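Chain by chain, the residues run as shown.
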Amino acid sequence: MKFITLMLLFCCTLAVANAQDAKPAASVILGKNDTVKTYMTKLDGELVPWIVLPEVVITDTRIFASAQDRANYFRLKYNIMKVLPYVRFAGARYQKLQRDLALTGDKKEQKALIKACEKEVKGLFNKDIKNLTIDQGEILIMLINRETGNTSYDMLKELKGGFKAFVFQSVAKVFGHNLKETYDREEQRDIETILQQVGYVSMQN
């Protein structure tokens, strides 16, 4: 027992000596990148930090019933990517025209603004859009409705009058298009899924 007591006293004495010889830990200096500012919420008497994260869309892996279904889906994706630049252009140009028209009450100036917009659209049509396939044209018409909230027919009627809208609608039908076609997110779930996959954000949303 005496031996054990002496060993314990020796260990305690050694620990105290080491503690006295040990140097104090250096103070930590935090830099500007070592501090994260965040919001705090009081929950059950405690402050709980929280941050706002961007929306994360979780989608399941698409399983196709057949090789033909897979081919159709990727053909749809190709067609969507083909017309998206025109959809964005149409939406931006239409919004700009609406803003410009709202800033003037002069009928002559409004006609000039509409004519300038029509010239830009015609230039785009003569350059690229006329080469779109029927399927691509149909997707374009639907996505313009998604982008602007208006059908192509309504936009024509508003800008060029009912008669010209009727004429354009008649010509469009000859080529298999319907300018009155609208976009339904539930009915066009494949298109909506593809738009989400490529990160496309409509100016309307």
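Residues numbered from 1 in each chain as written. Predicted model: local features only at pLDDT ≥ 70, side-chain atom pairs only at ≥ 80, totals over all residues. Heavy atoms only, no water.

Focus on the overall build of the protein
Phase 1 of the analysis: The secondary structure content of the protein amounts to 7 helices and 2 strands.
Phase 2 of the analysis: Moving toward the C terminus, one meets the helices and strands of the protein in the order α-β-β-α-α-α-α-α-α.
Phase 3 of the analysis: Residues classed as buried in the protein amount to 24% of the 205 residues present.
Phase 4 of the analysis: Surface summary for the protein: the accessible area is close to 15,800 Å², and the carbon and sulfur share equals 60%. (Helix = DSSP H or I, 4+ residues; strand = E, 2+ residues; numbered from the N terminus. Buried < 20%, exposed > 50% of the residue type's maximum accessible area, 1.4 Å probe, protein only. Areas by Shrake-Rupley, 256 points an atom, 1.4 Å probe, with all protein chains shown as cover.)

Considering the pattern of salt bridges
Phase 1 of the analysis: Using the criterion set out here, one finds 6 salt bridges in the structure.
Phase 2 of the analysis: In this structure, the salt-bridge partner of Arg 146 is Glu 192, at a minimum N-O distance of 2.9 Å. Taken together, the residues span a long stretch of sequence, with Arg 146 in helix 4 (residues 134–148) and Glu 192 in helix 7 (residues 189–197) at a distance of 46 residues. Side by side, Arg 146 and Glu 192 carry an identical accessibility label, which is buried. (Salt bridge = Lys/Arg side-chain N within 4 Å of Asp/Glu carboxyl O.)

A few points about helix 2 (residues 67–102)
Side chains of residues three or four places apart in an α-helix project in the same direction, reflecting 3.6 residues per turn.
Phase 1 of the analysis: For helix 2, spanning 36 residues, the distance from its first C-alpha to its last is 51 Å, which sits close to the expected 52 Å at 1.5 Å a residue.
Phase 2 of the analysis: At Val 83, helix 2 shows its strongest bend, of approximately 40 degrees, with the proline Pro 85 following within four residues. (Expected span 1.5 Å × (residues − 1). Bend = angle between axes of the 7 residues up to and from the residue.)

Concerning the confidence of the model for the protein
Phase 1 of the analysis: For the protein, the average pLDDT comes to 77, and 79% of its residues sit at 70 or higher.
Phase 2 of the analysis: Averaged pLDDT values over the elements of the protein bottom out at 44 in helix 1 (residues 2–21) and peak at 90 in helix 2.
Phase 3 of the analysis: This model gives residues 1–22 a pLDDT under 50, and the stretch forms 0 contacts once residues within four places in sequence are excluded. (pLDDT = per-residue confidence, 0-100. Contact = heavy atoms within 4.5 Å.)

Section: the nonpolar core
Phase 1 of the analysis: Formed by 24 residues in total, the largest nonpolar core has its most connected members in Ile 80, Val 83, Tyr 86, Leu 140, Leu 143, Ile 191 and Leu 195.
Phase 2 of the analysis: Of all the secondary-structure elements, those providing two or more residues to this core are helix 2, helix 4 and helix 7.
Phase 3 of the analysis: For this core, the element with the most residues is helix 2, which contributes 9 residues.
Phase 4 of the analysis: In contact with Leu 195, not counting residues within four places along its chain, are Ile 80, Leu 84, Leu 143, Arg 146, Tyr 183 and Tyr 200.
Phase 5 of the analysis: Counting residues in each nonpolar core, the second largest holds 5 residues, with Ile 141, Tyr 153, Ala 165 and Leu 179 among its members. (Core = buried A, V, L, I, M, F, W, Y, C linked by side-chain atoms within 4.5 Å.)

Points about unusual backbone geometry
Phase 1 of the analysis: Of note in this structure, Asp 44 is not a glycine but carries a positive phi near 55 degrees.
Phase 2 of the analysis: Along the chain, Asp 44 turns up in the loop between strand 1 (39–43) and strand 2 (46–50).
Phase 3 of the analysis: For Asp 44, a relative accessible area of 77% corresponds to the exposed category.

Quick look at the side chain of Asn 145
Phase 1 of the analysis: Looking at where Asn 145 falls in the secondary structure, it is placed in helix 4.
Phase 2 of the analysis: In contact with Asn 145, not counting residues within four places along its chain, are Asn 150, Thr 151, Glu 181, Thr 182 and Tyr 183.

Here's the deal with the packing of aromatic side chains
Phase 1 of the analysis: Applying the stated criterion across every chain yields a total of 4 aromatic pairs.
Phase 2 of the analysis: Between Tyr 39 and Trp 50 the ring centres are 4.8 Å apart and the planes differ by 20 degrees, which places this aromatic pair in the stacked class. Pair noted here: Tyr 39 is in strand 1 and Trp 50 is in strand 2, with a separation of 11 residues, a long-range link.
Phase 3 of the analysis: A residue is classified by how much of its surface remains accessible, and Tyr 39, at 54% relative accessible area, is exposed.
Phase 4 of the analysis: Their ring planes at 45 degrees and their centres at 6.2 Å tell us that Phe 64 and Phe 74 sit as a pair that is tilted. On the criterion of sequence distance, the pair formed by Phe 64 in the loop between strand 2 and helix 2 and Phe 74 in helix 2 is long-range, its members being 10 residues apart.
Phase 5 of the analysis: Accessibility expressed as a relative area gives 17% for Phe 64, which makes it buried.
Phase 6 of the analysis: Phe 74 gets classed as partly exposed once you look at its relative accessible area, which sits at 44%. (Phe/Tyr/Trp six-rings, centres within 6.5 Å; stacked < 30°, edge-to-face > 60°.)

A word on the side chain of Gln 110
Phase 1 of the analysis: As for its placement among the helices and strands, Gln 110 is situated in helix 3 (residues 107–127).
Phase 2 of the analysis: Looking at Gln 110, its side chain comes within polar contact range of the main-chain oxygen of Thr 104, at 2.8 Å.
Phase 3 of the analysis: The contact partners of Gln 110, leaving out residues within four places of it in the chain, are Leu 101, Thr 104 and Gly 105. (Polar contact = N/O pair within 3.5 Å; in protein donor to acceptor, adjacent residues only side chain to side chain.)

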